[in-house]
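Residue-level structure breakdown
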Amino acid sequence: MRLLIMGPPGAGKGTHAGALASLVGGPHISTGDLFRDNIARRTELGRLAEKYISAGEYVPDEITDDMVRDRLGRPDAARSFVLDGYPRTGAQVAALDALLDARGTGVDGVVALTVPDDELVARILRRSAVSGRSDDSEDVVRHRLAVYADQTAPLVRAYGDRGLLHRVDGTGSMEEVRLRVESAVAAAAGPDA
Ligand code: AMP
């Protein structure tokens, strides 16, 4: 099963994507983690991505699409995967559609976590104390939320138009959200799964 997990920064995508990946039996692929790993290893890709990430901007589509194409081409992602934080732009949606179409497959479901903006900012500022992430300061967080609202929220609605969207309330305890996410995946898998 091929799933996307979407939602604004701080909604808990990374936290819940791992459990989702075990559920579908495929890898958890986070573009943010892939970029951060490249930055830590000082690769050429990391060097290219770093300035955008620190400013709270999206990394250009071609760079991101190439990285995702490479990752999805690995054998562990042949049948099932959970993509976390991709696609984030209309061009990335088109690139993912083309990639999966060429394999004769497509996205099976989209889990979108919803959390009010004020709670998102509070969560990320708490996380910043331990994450050491260069993009977790208040100014950058507010900018990331604005970029999300402008570029990515419309894509979530577009997946709704395709009948693939499962919105999940991302507030409450981790366990409560996990159970809601699991029900959404069961719904995405359909009655025969
Ligand atoms: P995340 O860990 O998903 O919050 O991603 C951290 C940062 O990595 C984002 O704020 C972007 O700068 C960059 N990033 C992650 N995924 C993408 C993507 N699909 N397209 C462009 N930039 C991305």
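Note that this is a predicted model, so its numbers are computed, not measured. (Residues numbered from 1 in each chain as written. Predicted model: local features only at pLDDT ≥ 70, side-chain atom pairs only at ≥ 80, totals over all residues. Heavy atoms only, no water.)

1. Let's talk about the overall build of the protein
Along the backbone of the protein there are eight helices and five strands. When the helices and strands of the protein are read in sequence order from the N terminus, they spell out β-α-β-α-α-α-β-α-β-α-α-β-α. Relative to the compact-globule value of 16 Å for 193 residues, the protein shows a C-alpha radius of gyration of 16 Å, a close match. Taken over the C-alpha atoms alone, the protein extends approximately 45 × 40 × 25 Å along its principal axes. In the protein, which comprises 193 residues, the share counted as buried stands at 45%. Taking the intrachain contacts of the protein between residues at least 6 apart in sequence as the baseline, contacts between residues at least 24 apart amount to 70%. The average position of the 24 basic charges and that of the 29 acidic charges among the side chains of the protein differ by 3 Å. (Helix = DSSP H or I, 4+ residues; strand = E, 2+ residues; numbered from the N terminus. Rg over C-alpha atoms; globule rule 2.2 N^0.38 Å. Buried < 20%, exposed > 50% of the residue type's maximum accessible area, 1.4 Å probe, protein only. Contact = heavy atoms within 4.5 Å. Lys, Arg positive; Asp, Glu negative; His and termini not counted. Charge placed at Lys NZ, Arg CZ, Asp CG, Glu CD.)

2. Topic: the site of the ligand
In the vicinity of the ligand, 16 residues are found, and the nearest of them are Thr 31, Arg 36, Glu 57, Gly 85 and Arg 88. One nitrogen or oxygen atom from the side chain of Gln 92 is found 2.9 Å from a nitrogen atom belonging to the ligand. Placement of the ligand is best described as lying within the largest pocket. By residue class, the composition of the shell around the ligand is five nonpolar, five polar and six charged. (Near = heavy atom within 4 Å. Polar contact = N/O pair within 3.5 Å; in protein donor to acceptor, adjacent residues only side chain to side chain. 1 Å grid on protein atoms, 1.4 Å probe; cavity = no way out; pocket = protein on both sides within 12 Å on 5 of 7 lines; lining within 4 Å. Sits in = over half its atoms within 2 Å of the grid points. Nonpolar A, V, L, I, M, F, W, Y, C, P; charged D, E, K, R; others polar.)

3. Notes on helix α8 (residues 174–189)
The first and last C-alpha atoms of α8 sit 22 Å apart over 16 residues, in line with the 22 Å expected at 1.5 Å per residue. Inspection of α8 places Val 177, Val 181, Ala 184, Val 185 and Ala 188 among the buried residues, and these make up the whole buried set. Angularly, the buried residues of α8 cover 100° about the axis, an arc narrow enough to put them on a single face. Looking at the buried side of α8, the elements it contacts are β1 (2–6), α1 (13–24), β4 (109–114) and β5 (165–169). Following α8 by one or two positions, Gly 190 has its phi on the positive side, about 85°. (Expected span 1.5 Å × (residues − 1). Arc of directions from axis to C-beta.)

4. Considering the nonpolar core
If you look at the biggest cluster of nonpolar residues, it comprises 23 residues, and the most contacted ones within it are Leu 4, Leu 72, Leu 83, Leu 96 and Tyr 159. Elements with a minimum of two residues in this core: β1, α4 (61–72), β3 (81–84), α5 (90–102), β4 and α7 (138–161). The contacts of Leu 83, once residues within four sequence positions are left out, are Leu 3, Leu 4, Ile 5, Ile 29, Val 68, Leu 72 and Leu 96. (Core = buried A, V, L, I, M, F, W, Y, C linked by side-chain atoms within 4.5 Å.)

5. Here's the deal with the layout of surface pockets
One number sums up the size of the largest pocket: a volume of about 850 Å³. As for the largest pocket, its lining consists of 40 residues, of which Pro 9, Lys 13, Arg 127, Arg 133 and Arg 144 are closest to the centre. Listed by contribution, the elements that provide at least two residues to the lining of the largest pocket are α1, β2 (28–30), α2 (31–40), α6 (117–131), α7 and α8. Ranked by the residues each element gives to the lining of the largest pocket, the list is headed by α2, at five residues. (Points joined across faces, edges and corners; volume = space filled by probe spheres on them.)

6. So, the sheet that holds β4
Strands sit in the order β2-β3-β1-β4-β5 across an open sheet of five strands; the sheet is parallel. Every interior strand has two partners, whereas the edge strands, β2 and β5, have only one. In this sheet, neighbouring strand axes are inclined to one another by 20° on average, regardless of whether the strands run parallel or antiparallel. When β4 meets β5, the two strands line up parallel, connected through five bridges. Its bridge partner being in β5, Thr 114 is matched across the sheet by Asp 169. (Pairing = 2+ DSSP bridges. Axes fitted to C-alpha atoms, helices over the stretch in contact; angles between N-to-C directions.)

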